[in-house]
Amino acid sequence: MRVSLEWLQEYVAIDNLTAAELAEKLTMAGIPVEFIEDQAQQYHQMVVGKINEIKKHPQADNLLVLKMDLGEKTDRQIITAAQNVAVGNLIPVALPGAVLPDGQVINEVSFKGAISQGMLCSAVELGLAKEAAGVWHFEAQVAPGTSVAAALGATDQILILELTPNRGDCLGMLGVAREVAALLETEVKYPELVLKEEGAPVQNLAAVEIQAPELCARYAARVVTEVVLAPSPRWLQRCLIAAGVRPINNMVDITNYVMLEYNQPLHAFDLERIAKGQIKVRRAQAGEKLVTLDDLERDLQEESLVIADPEAALCVAGVMGGASSEVTAATKEILLEAACFNPVSIRKTAKQLGMRTESSYRFERRIDPQGVINALNRAVHLIEELGVGKVAKGYVEHYPESVAARVITTTTTKINAWLGTKLPVEVIKGYLERLNFSVAGTGAEELLVTVPTYRPDILHMADLAEEVARLHGYHQIPATFPVSKQTGQRTPKQQNIFDCRKFFKGIGLSEIITYSFYGQDVGSKLHLAAKDPLKEGISLLFPLTEEQSVMRTNLVFHLLETLAFNDKRRETNLRVFEIANVYFPQPEAQLANEELHLGIALMGQREEPSWNSSREAVDFYDLKGILECFFQKYRLPQFTLKPAPQPFLHPGQSATIWIGEKQVGFLGQVHPNVQKEFEITRQAFVMELHVGELFDLVNERESFKSLPRFPMINRDLALVVAKEVTAARIMADIQEKAGELLEKVALFDVYEGDQVPAGMRSLAFSLTYRSAERTLNDQEVNELQAELLKKLNAAYGASIR
């Protein structure tokens, strides 16, 4: 939601607050302001110029050389191809350094030997239209050198609100004004609705009927005759542009203006194209089709709601109008609709048709049924004021069941207990009344709170407590722990998680905590296949935002987002971990299958940069080393790594982690293409483990071995084997075939080059032999080595290098 401060001040005084101060107050009251947009910024380095002289370019017949007064000591020379210019005209000029809406930067340019010290601007360069026949002219007298922003009145500041779905009432300027008035303890100035209604009685011109009351709570319409379409006045266009809506004509602009003001979408039909002037609000019929305003034929589903006449569907209710009843330049009579549609129905229809409009966005978040007539009257008031047409007397409506205001019973004791405060009854009543809640009762025994119908999100006492907290100020509520007399201890799972966090912090990793959900784009960013289980997340019915609409199936996405976030802020040496649940759908169950996972991400240098640090970058083996430390810490069974790369990992530097026949995780370098998707500039490595399963395998008993009494004998064994034979496979065979005297085996060298045959490589192992009962001699160890080599030669064709 874009909130123009100039427009907002038509309804509420903001006490000379700056945009930043007002944004802070709204944000702290639960109406988050994402950022503040300064309209004048787009006209930086643009001024009004007066043409003092016009000459033909000596080398180009289609160019003109202008001398222009820009409010400086001397005139500037501007070269232009525009022909709609004359001496004395006041034209916007983009000076060198100005940036146009398409990103073009203006510089001094030579046109066949003549220097142009700027550029004349049309409505396109000013961002006021998509096309223009010539340069823009200022009709009013403006002093040369005046900034274009001041000349256009574009000095407004826009608050960009990031509203949660429950606060649909703030999708209208009046809703925001009510919030500001409550915060500043002032009153809202509502528009005065004085109507002339000079036309014939509306009952003689139109009729409406709701045939699907479960999908439409209220439907009302007014009729306007003798319609004259024309451009809207500048003040109206300015409001729409500030709200991010392109002006079209007076009729369309009025409906958009009222939608943005009252949070009530309106739709205009050409009345002469409605059969018998009768409106039927019904479900779509089987096989019914409709050509919408974007000239696309839509296949309608039977559960979708349409606005129809006795002959055919005219409009997809709450989403988009139809071409058959579209208002055109030839339109003389208009039926203006205002309605309250079922939010679930509108959301399903918009999703099914692939259409997301300003109207559907608002209907999905619930419209105030009691505000329908006010919005309709406001629209026809503007129609009369701007001379768009003659308004018929009265309105027609169908309101099957009046929606009553909700009444919630509570006490100040309950509210204070809920918040951990000691607010007196007068203060609590005052906060609620500032929000236009009607409060009856003494407070100690009972409070009867009547909630306005434009706040459908207020359902329970807890919601009322939240409203009190918002106005009182969250920062003024002391932080307290819940009172509890229970004693107890952590469960084994809780203790394992606690110890796990402590362990990873102890080896130098930082813990992160991220949301349990992400957006629909995760699959594409991680390059997941269409049927990858990681892509089959559970969608939320009512997500806070589109970026938080799916329950996560992995921790990798948020790990990479964390790396990207820090990388953009030049924090490139990161070692982070997260222990949290992931969620998978269960076809036969209502609840998700929750799995506890551990995610780790590394990026940057192995050591903190200093004068004597190695400056070596982390690699796959740093991650593998952390994995080995974790398994040793919890005395878990031996793991093996198998090459089975994930789509988001590098195929040559990744593996899956197995215990026996069970896969318990994966690790590896992030695929370069995925790295680009997240805009990470350095190599990154990630690992994810199903620690919920691993905790079940933890060996709680600690075992000890006495120190060895007899010496060890070391032997090195360099084997030449085929490249496809893994070191892990050979190590496992050595441990199995060498006998009980082999104490330890470790890989210490890998070589590929001229000294080994093509397609082969050398793997060098260190073997440690020891007996717990006697001292070994070289001869028996040599015999063990020889026997081992025979077995390895038979198994892999291995030979001594």
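Scroll up a little and you will see the structure.
Keep in mind that this is a model prediction, so the values were computed, not measured.

A. Quick peek at the overall build of the protein chain. The secondary structure content of the protein chain amounts to 20 helices and 38 strands. Radius of gyration (C-alpha) of the protein chain: 36 Å, far over the 28 Å computed for a compact globule of 801 residues. Seen along its three principal axes, the alpha-carbon backbone of the protein chain occupies a region of about 120 × 90 × 60 Å. In the protein chain, which comprises 801 residues, the share counted as buried stands at 48%. Relative to all contacts within the protein chain whose residues are 6 or more apart in sequence, the contacts with residues 24 or more apart total 68%. For the protein chain, the distance from the average site of its 81 positive side-chain charges to the average site of its 103 negative ones is 4 Å.

B. Region of the structure containing the pattern of salt bridges. Summed over all chains, the structure comprises 38 salt bridges. For Glu-693, the salt bridge is made with Lys-662, and the minimal N-O distance between the two is 3.3 Å. One end of the pair, Glu-693, is in helix 18 (residues 691-695); the other, Lys-662, is in strand 33 (residues 662-670), and 31 residues separate them in sequence. For Lys-662, a relative accessible area of 43% corresponds to the partly exposed category. Salt-bridge contacts for Arg-774 lead to Glu-780; the nearest nitrogen and oxygen are separated by 2.8 Å. A cluster of three or more residues bridged by salt bridges with shared partners is formed by Arg-167, Asp-169, Glu-179, Arg-455, Asp-457, Glu-467 and Arg-470.

C. Region of interest: empty space enclosed by the protein. Following the criterion strictly, the structure yields one cavity of 30 Å³ or more and no others. In this structure, the largest cavity occupies an estimated 50 Å³ of space. Lining the largest cavity we find Asp-169, Gly-175, Arg-178, Glu-179, Leu-435, Phe-437, Tyr-454 and Arg-455.

D. Spotlight on the pairing of strand 6 (residues 90-94). Counting buried positions along strand 6 gives five out of five residues, so the element sits mostly inside the fold. In terms of strand pairing, strand 3 (residues 46-57) meets strand 6 through five bridges, oriented antiparallel. Bridge pairing links Val-47 to Val-93 in strand 6. One ladder, built from two bridges, connects strand 6 with strand 9 (residues 119-120); its direction is antiparallel. Among the inter-strand pairings, Val-93 is bridged to a residue of strand 9, identified as Leu-120.

E. Structural view of the environment of Val-720. Mapped onto the elements of the fold, Val-720 is located in strand 35 (residues 713-722). We classify Val-720 as buried; its relative accessible area is 7%. Remark: the alpha-carbon pair of Val-720 and Tyr-262, spanning 458 residues in sequence, is separated by 80 Å. Excluding its chain neighbours within four sequence positions, the residues that come into contact with Val-720 are Val-756, Pro-757, Met-760, Arg-761, Ser-762, Gly-797, Ala-798, Ser-799 and Arg-801.

Reading guide: rules and limits
Residues numbered from 1 in each chain as written. Predicted model: local features only at pLDDT ≥ 70, side-chain atom pairs only at ≥ 80, totals over all residues. Heavy atoms only, no water. Helix = DSSP H or I, 4+ residues; strand = E, 2+ residues; numbered from the N terminus. Rg over C-alpha atoms; globule rule 2.2 N^0.38 Å. Buried < 20%, exposed > 50% of the residue type's maximum accessible area, 1.4 Å probe, protein only. Contact = heavy atoms within 4.5 Å. Lys, Arg positive; Asp, Glu negative; His and termini not counted. Charge placed at Lys NZ, Arg CZ, Asp CG, Glu CD. Salt bridge = Lys/Arg side-chain N within 4 Å of Asp/Glu carboxyl O. 1 Å grid on protein atoms, 1.4 Å probe; cavity = no way out; pocket = protein on both sides within 12 Å on 5 of 7 lines; lining within 4 Å. Points joined across faces, edges and corners; volume = space filled by probe spheres on them. Pairing = 2+ DSSP bridges.

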